[in-house]
Amino acid sequence: GKAKLPEIPDEKLVEMYRKMALLSKMDKILLQSQRQGRISFYMTCSGEEAAVVGSAAALEMVDTIFTQYREVGVYLWRGFTLDSVMNQCFATHKDNTKGRQMPIHYSAKSLNIQTVSSTLATQVPNAVGYAYSNRISGRDAVSVAFFGEGAASEGDVHAAMNMAATLSCPTLFICRNNGYAISTSTKDQYVGDGIVVRAVGYGMRCIRIDGNDVFAVYAGVKAARALALEQSCPVLIELMTYRVGHHSTSDDSTAYRSIDEVNYWDREDSPVGRLAQHLITRGLWSTDLEESYAKECRKEIMTAFARAESEKGPNPLWVFDDVYDSLSDHLVEQRREMREHLERYGENYSLEKFMPVE
């Protein structure tokens, strides 16, 4: 039969588009800034905007999210500001993690999103543990683990899914299957039918979704969330999408895929373009609005960018903070040694770019 669109209020749908468009424009600017040497590293979400924003929009704030590293759209949807993004990427003293993480490793406790970790798939068993806590505490919430199909090859994912199934943990495993694990295409990653079929081996519910269709993503994640809560069970969701950008700024994807392949997905199946066309058809958006919003986005992004670029870096001694609840004896000694070193050789460092050593 004819597919039925999920019931999304017009205001929410337009806001979903605005966040997707903002993410796309922010990615381009921060990618360019890394090429200019203004930030050290970046990873874009190009081509996967619907997968991340559509998922986030279907969840509730009580749901704790464990992201991988390509889900800044989840942060933006929940209210993470452009200033917060820029302070993190520039590692300023205003960054939530005190400038001690490499770029794109965001953290937002106030938004119920756990800190990004570079180590592939470690967030997945963490999400299951959190879901188990929700279950035994009677909290009406799910925990959500985002990961790529490449990370699905990690043993942590197997352990996490088996734990979630046997312990009846209300967990959503959201796999972004974007076609590549860095340079390794899916045809070289597995022989089976993608990731979703693995759920059968764990006795887990599952669904495969067109990850470039924001309506399908929203409806599927919303239904999976309801099922996970109703039956206290995990659900595996495979979002079929495409990574338009390089894996990261350390990667050159032209070495392993053609420009024509990338251009096809960017032109013919852009999730941002698909939603824009739908909104225009329904009279909820227009070419004039698109032009004015593009200018508004660029102004807001560049204003936040300039603010962060002019901020000082963290106090160098902050590197010892928050490792433990209180400083251990060996860290106290190392901190003292570093302070003495900076007092003696400070003129050899650009300390004026950092907060004062206190």
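The structure contained in this document is the topic of the report that follows. The residue numbers shown here count from 1 along each chain, following its written sequence. Owing to the predicted nature of the model, reporting of local features is limited to residues with pLDDT of at least 70; listing and counting of side-chain atom pairs is limited to 80 or more, with chain, interface and lining totals taken over all residues. Side-chain metrics rest on all non-hydrogen atoms present in the structure, leaving aside hydrogens and water.

**Here's the deal with the environment of Tyr242**
Right, so step 1: Elements are defined by DSSP. Helices are runs of H or I of four residues or more, strands are runs of E of two residues or more, and each kind is numbered from the N terminus. In this structure, Tyr242 sits in the loop between strand S7 (235-240) and helix H9 (259-268).
Right, so step 2: For the pair Tyr242 and Glu340, spaced 98 residues apart in sequence, the C-alpha to C-alpha distance is 51 Å.
Right, so step 3: Among all residues touching Tyr242, those that are not within four sequence positions of it are Ser46, Gly47, Glu48, Asn178, Tyr180, Asn212, Arg257, Glu261, Val262 and Trp265.
Right, so step 4: Within polar-contact distance, the side chain of Tyr242 engages the side chain of Glu261 at 2.6 Å. Working rule for contacts: check all heavy atoms of both residues, and any pair within 4.5 Å makes them a contact. Polar contact is the term for a pair of N or O atoms within 3.5 Å; when the atoms are in protein, one must be able to donate a hydrogen and the other to accept it, and sequence-neighboring residues count only if both atoms are side-chain atoms.

**Some words on the sheet that holds strand S3 (residues 171-177)**
Right, so step 1: A pair of strands is labelled paired if DSSP reports no fewer than 2 bridges between them. Taken in spatial order, the 5 strands line up as S1-S2-S3-S7-S6 in an open sheet, and their pairing is parallel. Two strands lie at the open edges of the sheet, namely strand S1 (64-66) and strand S6 (205-210), each paired on one side alone. Between one strand axis and the next, the sheet turns by 20° as a mean value, whatever way the strands run.
Right, so step 2: The pairing of S3 with S7 spans 6 bridges and is classified as parallel. Opposite Ile174, over in S7, you have Ile237 as the bridge partner.
Right, so step 3: Packed on one face of the sheet, helix H8 (residues 214-231) meets S3, S6 and S7 and runs near 170° to S6. Each axis is a line fitted through C-alpha atoms, and for a helix only the stretch in contact is used; angles between axes span 0 to 180 degrees, taken between their N-to-C directions.

**Re the packing of helix H5 (residues 123-137) against helix H6 (residues 155-166)**
Right, so step 1: Contact geometry for H5 and H6: axes closest at 8 Å, N-to-C directions at 15°. As the angle between them shows, H5 and H6 are arranged roughly parallel. Taken as a pair, H5 and H6 cross one another with a handedness that is left-handed. Residues Val124, Pro125 and Val128 of H5 form the contact with H6, whose own contacting residues are Asp156, Val157, Ala160, Met163 and Ala164.
Right, so step 2: When residues are grouped by polarity, Ala, Val, Leu, Ile, Met, Phe, Trp, Tyr, Cys and Pro land in nonpolar, Asp, Glu, Lys and Arg in charged, and all others, Gly among them, in polar. Class assignment of the residues belonging to the contact of H5 with H6 gives a composition of 7 nonpolar, no polar and 1 charged. In this scheme, roughly parallel covers angles under 35 degrees and roughly antiparallel covers those over 145, while 65 to 115 is roughly perpendicular and the rest are oblique. By convention the crossing between two helices is left-handed if the near helix lies anticlockwise of the far one by an angle smaller than a right angle, and right-handed if it lies clockwise.

**Here's the deal with helix H1 (residues 10-35)**
Right, so step 1: Expected span, for any helix, means 1.5 Å times one less than how many residues it has. The first and last C-alpha atoms of H1 sit 38 Å apart over 26 residues, in line with the 38 Å expected at 1.5 Å per residue.
Right, so step 2: Gly37 occupies a position one or two residues after H1 and carries a positive phi of about 80°.

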